[in-house]
Amino acid sequence: MYMLNKPNKYGIKIVMLCDNATKYVINASPYLGKSTTTSGVGLANHFVESLTTPLHGSNRNITMDNWFTSVPLAKKLLNPPFKMTIIGTLRSNKPEIPQELLDNNTWQLGTSMFAFDQKITLVSYKPKKNKTVLLLSTMHFTDSLNEVTKKPEIIHAYNSTKGAVDTFDQIAQNICCNRKTRRWPLCIFYNMMNIASVNSYVIYHHNKTNQEQTPLSRLQFVLKLHEELTREWQEIRLQNVTTLPRKLSESISEILQLDQPIQNQEHTQNKGKRSYCSLCPTVKKRMTTTYCYKCNRALCGEHQIKICDGCI
């Protein structure tokens, strides 16, 4: 959920699973609060297990924040059918955390303490006074520290993979199809369109890069996508020239790069019947019995061109 300059209590929350490298949305689900059906599973565990369904058995790593992370979930995801590892921050009120990792009043700044339990590694790091950072990992098995920052490697791995969802939200909001509305189903629909737009650009960019071609920018891609998605509807609207406003018809023809508007072949109009000129403003109310032989629109004398049979 990305809402610039607004607290997170406003809006509709959607839980997402995104690829860290490309920001491609793999899965998403709206957060319904107490209305969510979890079949007896904890709410956080329910979202992790359901959203990662396309990745089950892939031996991939999932990075999550402290709302999702727990020791029972980490153990469960290691076993079939999940077979996935996790890295995540951990809340200090979890009963599985040893008390020694929480009592850091005597620690120096930058101190790290590790705890190991089979395939699970827990680290407590003190970045500043009166603050402790707890991280849980099932893909790290040692107490290795970074040679430059002296921070645990688990923290560096977490920082490098934690921002996929936030980055996607920012990308989607920079160029989006949202409009003001008070209808929440329409908000969900706009979000689905934004997700589809970003995902399609990720695939397009990947294919163009593999073919060693220069891809369009995202703005150019979205404009081109808009043209292609609306082209069929514009052609359908242009079929009924007699009821379509002239300026709108000309605008559509210009967008579609057509010399003449597309005509409905089944439409016929009786010749000689008095009608208003289709090219004059309505206020003039010019009546005529002459029609264009090609588009069958009524034409007054001002909008006719005289030409002989030989020139035709």
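Procedures and definitions
- Residues numbered from 1 in each chain as written.
- Predicted model: local features only at pLDDT ≥ 70, side-chain atom pairs only at ≥ 80, totals over all residues.
- Heavy atoms only, no water.
- Helix = DSSP H or I, 4+ residues; strand = E, 2+ residues; numbered from the N terminus.
- Rg over C-alpha atoms; globule rule 2.2 N^0.38 Å.
- Areas by Shrake-Rupley, 256 points an atom, 1.4 Å probe, with all protein chains shown as cover.
- Lys, Arg positive; Asp, Glu negative; His and termini not counted.
- Charge placed at Lys NZ, Arg CZ, Asp CG, Glu CD.
- Axes fitted to C-alpha atoms, helices over the stretch in contact; angles between N-to-C directions.
- Parallel < 35°, antiparallel > 145°, perpendicular 65-115°, else oblique.
- Contact = heavy atoms within 4.5 Å.
- Nonpolar A, V, L, I, M, F, W, Y, C, P; charged D, E, K, R; others polar.
- Core = buried A, V, L, I, M, F, W, Y, C linked by side-chain atoms within 4.5 Å.
- Buried < 20%, exposed > 50% of the residue type's maximum accessible area, 1.4 Å probe, protein only.
- Salt bridge = Lys/Arg side-chain N within 4 Å of Asp/Glu carboxyl O.
- Left-handed = near helix turned anticlockwise from the far one by under 90°.
- Pairing = 2+ DSSP bridges.

Caption draft 1: View of the overall build of the protein chain. What the protein chain contains, in helices and strands, is seven helices and nine strands. The C-alpha radius of gyration of the protein chain comes to 31 Å, more than 25% above the 20 Å expected for a compact globule of 312 residues. Viewed in the frame of its principal axes, the protein chain has a C-alpha envelope of about 100 × 45 × 40 Å. Of the roughly 21000 Å² of accessible surface on the protein chain, 52% is carried by carbon and sulfur atoms. Averaging the coordinates of the 39 positive side-chain charges in the protein chain and doing the same for the 23 negative ones gives two points 10 Å apart.

Caption draft 2: Structural view of the packing of helix 4 (residues 164–174) against helix 5 (residues 184–210). Where helix 4 contacts helix 5, the axes come no closer than 10 Å and their chain directions differ by 105 degrees. Between helix 4 and helix 5, the angle is such that the two are roughly perpendicular. Contact residues: helix 4 offers Phe168, Ile171 and Ala172, while helix 5 offers Asn194, Ile195 and Val198. Residue composition of the contact of helix 4 with helix 5, grouped by class: five nonpolar, one polar and no charged.

Caption draft 3: The arrangement of the nonpolar core in detail. Among the nonpolar cores identified, the biggest contains 25 residues, and Ile62, Met64, Phe68, Leu77, Ile86, Leu122 and Leu136 are the most heavily contacted of them. Contributions of two or more residues to this core are made by strand 1 (14–18), helix 1 (43–51), strand 3 (61–64), helix 2 (71–78), strand 6 (120–128) and strand 7 (131–137). Those residues in contact with phenylalanine 68, other than ones at most four positions away along the chain, are Val15, Ala44, Asn45, Phe47, Val48 and Leu73. Among the nonpolar cores identified, the runner-up in size contains 10 residues, and Cys18, Phe168, Ala172 and Val198 belong to it.

Caption draft 4: A look at the environment of alanine 172. Within the fold, alanine 172 resides in helix 4. A relative accessible area of 5% means that alanine 172 is categorised as buried. With 59 residues separating them along the chain, alanine 172 and arginine 231 place their C-alpha atoms 23 Å apart. When neighbours within four sequence positions are excluded, alanine 172 is seen to be in contact with Asn194, Val198 and Arg218.

Caption draft 5: Representation of the pattern of salt bridges in the model. Following the criterion strictly, the structure yields four salt bridges and no others. For glutamate 49, the salt bridge goes to lysine 76, with nearest N and O atoms at 2.8 Å. Placement of the pair is glutamate 49 in helix 1 and lysine 76 in helix 2, with a sequence separation of 27 residues. The class for lysine 76 is partly exposed, based on a relative accessible area of 36%. For the salt bridge of arginine 286 with glutamate 302, the shortest nitrogen-to-oxygen distance reads 2.3 Å. One end of the pair, arginine 286, is in the loop between strand 8 (275–276) and strand 9 (287–288); the other, glutamate 302, is in the segment after strand 9, and 16 residues separate them in sequence.

Caption draft 6: Layout of the packing of helix 5 against helix 6 (residues 218–239). One way to put it is that helix 5 packs onto helix 6 with a least axis distance of 11 Å and a crossing angle of 115 degrees. By the criterion of interaxial angle, the relationship of helix 5 to helix 6 is roughly perpendicular. For the pair helix 5 and helix 6, the crossing hand works out as right-handed. Across the interface between the two elements, Ser197, Val198, Ser200, Tyr201 and Tyr204 from helix 5 touch Arg218, Phe221, Val222 and Leu225 from helix 6. Of the residues that constitute the contact of helix 5 with helix 6, the class distribution is six nonpolar, two polar and one charged.

Caption draft 7: Broad picture of the pairing of strand 2 (residues 25–30). Here five bridges tie strand 1 to strand 2, and the two strands are oriented antiparallel to one another. Within the sheet, the bridge partner assigned to leucine 17 lies in strand 2 and is asparagine 27. Between strand 1 and strand 2, which pair antiparallel and follow one another directly, the connecting turn spans six residues, one of which, lysine 23, has a positive phi of 65 degrees.

Caption draft 8: Quick peek at the sheet that holds strand 5 (residues 112–117). Reading across from one edge, 3-4-7-6-5 is the order of the five strands in this open sheet, with mixed pairing throughout. Each having just a single partner strand, strand 3 and strand 5 make up the two edges of the open sheet. Sheet twist, expressed as the average angle between the axes of neighbouring strands with direction ignored, equals 15 degrees. Here strand 4 (residues 85–89) runs beside strand 7; their pairing, made up of three bridges, is antiparallel. Within the sheet, the bridge partner assigned to glycine 88 lies in strand 7 and is leucine 136.

Caption draft 9: Up close: unusual backbone geometry. Proline 80 connects to proline 81 through a cis peptide bond whose omega is 0 degrees. In the Ramachandran plot, serine 39 falls in the positive-phi region, its phi being about 55 degrees despite a non-glycine side chain. Within the element layout of this structure, serine 39 appears in the loop between strand 2 and helix 1. Judged by relative accessible area, serine 39 falls into the exposed class, the value being 71%. With a phi angle near 55 degrees, glutamine 118 is a residue other than glycine that sits in the positive phi range. One can find glutamine 118 in the loop between strand 5 and strand 6. On the basis of relative accessible area, glutamine 118 is assigned to the exposed category, the value being 78%.

From the geometry alone we can't say anything about function, so treat these as descriptive.
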